[in-house]
Amino acid sequence: NKEAIIEFINNENVTDDLKQAAMENLMDMTNRSEMEVAVENLLTAKGFENCVVSIMEDTCDVVVGQETLTDTQRAQIEDIVSRKTNVTAENVVITTLN
């Protein structure tokens with residue numbers, strides 16, 4: 001997606017308004033990617049192994065490489081996600097590998 005957006009932005013036949021919208025989309029993708037990496041790194045530092053985080057506009061999916069999680073661990077994951085992203089705890093979906 002990133003390469004396609006950059007190609008679109010560099011196209012001489014695209015209007016400035018469309019280029020601006022594409023640049024905003026690219027910035028949004030970059031910001032979400034940075035937030036995903038930050039959350040994954042913090043979760044790993046807290047002992048949650050093999051985490052994958054996917055952030056959409058106002059939701060976040062977290063896959064944790066553990067069979068089960070305690071309520072305390074779930075709360076800890078939700079806290080990390082909400083502190084590092086714009087996603088509230090009730091919009092965090094946590095999945096384990098069971």
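Our subject is the structure that appears above.
Everything in this summary refers to the structure shown in the same document.

Here is what the cut-offs are and how they apply
- Numbers given to residues run from 1 along each chain, matching the order in which its sequence is written.
- Residue-level local features of this predicted model are given only where pLDDT is at least 70; pairs of side-chain atoms are given and counted only at 80 or more, and the full residue set underlies all totals for whole chains, interfaces and linings.
- For the side-chain quantities, the full set of heavy atoms in the structure was used; hydrogens and water were omitted.
- Orientation is described by lines fitted to C-alpha atoms, with helices fitted over the stretch in contact, and by angles between N-to-C directions that extend from 0 to 180 degrees.
- Only DSSP runs of H or I reaching four residues or more are called helices, and only runs of E reaching two or more are called strands; each is numbered from the N terminus.
- Each angle is binned into one of four classes, with values under 35 degrees roughly parallel, values over 145 roughly antiparallel, values of 65 to 115 roughly perpendicular, and all other values oblique.
- Crossing handedness is read from the near helix: turned anticlockwise from the far helix by less than a right angle, it gives a left-handed crossing, and turned clockwise, a right-handed one.
- For this analysis, residues touch if any pair of their heavy atoms sits within 4.5 Å.
- For this scheme, ten residues count as nonpolar: Ala, Val, Leu, Ile, Met, Phe, Trp, Tyr, Cys and Pro. Four count as charged, namely Asp, Glu, Lys and Arg, and the remainder, Gly too, count as polar.
- Think of a nonpolar core as a cluster: buried Ala, Val, Leu, Ile, Met, Phe, Trp, Tyr and Cys residues, connected wherever their side-chain atoms sit within 4.5 Å.
- Three exposure classes are used, based on accessible area relative to the maximum for each residue type with a 1.4 Å probe and protein chains only: buried under 20%, partly exposed in between, and exposed over 50%.
- Two N or O atoms count as a polar contact when they lie within 3.5 Å, although within protein this holds only if one can serve as hydrogen donor and the other as acceptor, and sequence-adjacent residues are included solely when both atoms are side-chain atoms.

A separate point is the packing of helix H1 (residues 2-10) against helix H2 (residues 16-45). Direction vectors running N to C along H1 and H2 enclose 155°, while the axes themselves pass 9 Å from each other. Looking at the two axes, H1 sits roughly antiparallel to H2. Between H1 and H2 lies a crossing whose hand is left-handed. Facing Lys-2, Ile-5, Ile-6, Phe-8 and Ile-9 of H1, the residues of H2 in contact are Leu-18, Lys-19, Ala-22, Met-23, Asn-25, Leu-26 and Met-29. By residue class, the composition of the contact of H1 with H2 is 9 nonpolar, 1 polar and 2 charged.

Further remarks concern the nonpolar core. Ranked by size, the top nonpolar core spans 17 residues in total, and within it Leu-43, Cys-60, Val-62, Val-64, Ile-77 and Val-81 carry the most contacts. Mapped onto this core, the elements with two or more residues apiece are H2, strand E1 (52-55), strand E2 (60-64), helix H3 (71-84) and strand E3 (92-96). Apart from residues no more than four positions distant in its own chain, Ile-77 is found in contact with Leu-43, Phe-48, Val-62, Val-64, Leu-69 and Ile-94.

Turning to the side chain of Gln-66, a few remarks are in order. You can see Gln-66 is positioned in the loop between E2 and H3. Among the polar contacts made by the side chain of Gln-66, one reaches the main-chain carbonyl oxygen of Thr-68 at a distance of 3.5 Å.

Note that every value here comes from positions in space, so none of it alone points to a role or purpose.
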